[in-house]
Amino acid sequence: MTASELKRYFDYNSWANGRMFATLGTIPPADYSADGKSSHGGIHATMAHIVWAQHLWLLRWTAQPHDDAVEGLKAADSFDGLKAYWQDVERGTGAFLAARLSDAFALETFTMNTAKGDVFVHTYGEAMLHLLNHSTHHRGQVVTLLRQAGHTPPATDFIVYARKFPAGGIR
């Protein structure tokens, strides 16, 4: 995967999460915070997992302590708190990509430690693609939770983004 492809997918991910937050800001708080019995509970908890995971991977890529992600998640106990946390993580991700992302960098490896103490070596490109896929997967769960609560979810498919922002277009 090239740097330009990864950047495009990160732009898509940011756009899709932004559309999701815009929709979530319009639903009743009771629906937003309800436990939907999904893999991470309900809408808030699933969106919090998406943001937290992106923060965690960013910390891994920059060799920072994981404690920052735990603290960020603690502060995201409401819609407004989570949206602010997401915006901070987006800024950090954007700055990291602007400073480091290149074709060569995507092929470089890094060593990461899990919270369980397992050690893995990945290329940055693999880890980035995983993060993007992870976010898409869990946004799909939020779509289901929204529908189950009687709300219309936003269209967040990549093809919708690609039609709105053709390759090389400005987002």
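Right above here is the structure, for reference.
Residues numbered from 1 in each chain as written. Predicted model: local features only at pLDDT ≥ 70, side-chain atom pairs only at ≥ 80, totals over all residues. Heavy atoms only, no water.

Comments concerning the side chain of T23
Turning to its location among the elements, T23 is positioned in helix 1 (residues 3-24). When its relative accessible area of 16% is taken as the criterion, T23 is described as buried. Discounting chain neighbours no more than four positions away, the residues touching T23 are L146, T152 and P154. (Helix = DSSP H or I, 4+ residues; strand = E, 2+ residues; numbered from the N terminus. Buried < 20%, exposed > 50% of the residue type's maximum accessible area, 1.4 Å probe, protein only. Contact = heavy atoms within 4.5 Å.)

Brief notes about the environment of A30
Along the chain, A30 falls in helix 2 (residues 29-33). Each C-alpha atom, one on A30 and one on A69, is 26 Å from the other, the two residues being 39 residues apart in sequence.

Structural notes on the pattern of salt bridges
Evaluated as defined, the whole model comprises three salt bridges. Residue K7 is joined to D11 by a salt bridge in which the shortest nitrogen-to-oxygen separation is 2.6 Å. Separated by four residues within a single helix, K7 and D11 lie in helix 1, roughly one turn from each other. By relative accessible area, K7 is classed as partly exposed at 37%. Between D35 and K37 there is a salt bridge whose closest N-O contact spans 3.4 Å. (Salt bridge = Lys/Arg side-chain N within 4 Å of Asp/Glu carboxyl O.)

Quick look at the nonpolar core
What tends to happen in soluble globular proteins is that the nonpolar side chains get buried as a cluster. Judged by nonpolar contacts, the single largest core of 23 residues is most densely connected at L24, I43, M47 and L82. Looking at this core, the elements with two or more residues in it are helix 1, helix 3 (43-61), helix 5 (79-100) and helix 7 (124-148). In terms of residues, this core owes the most to one element, helix 3, which gives seven residues. Beyond its immediate chain neighbours, meaning those up to four positions away, I43 contacts L24, I27, D31, Y32, A34, V142, L145 and L146. Judged by nonpolar contacts, the second largest core, of 18 residues, contains W61, A106, M128 and L132. (Core = buried A, V, L, I, M, F, W, Y, C linked by side-chain atoms within 4.5 Å.)

Quick notes on the environment of A75
Among the structural elements, A75 can be located in the loop between helix 4 (67-74) and helix 5. Taking relative accessible area as the criterion, A75 reaches 53% and is therefore assigned exposed. Distance in space between the C-alpha atoms of A75 and T152 is 28 Å, their sequence separation being 77 residues.

Honestly, it's all geometry; don't read function into it.
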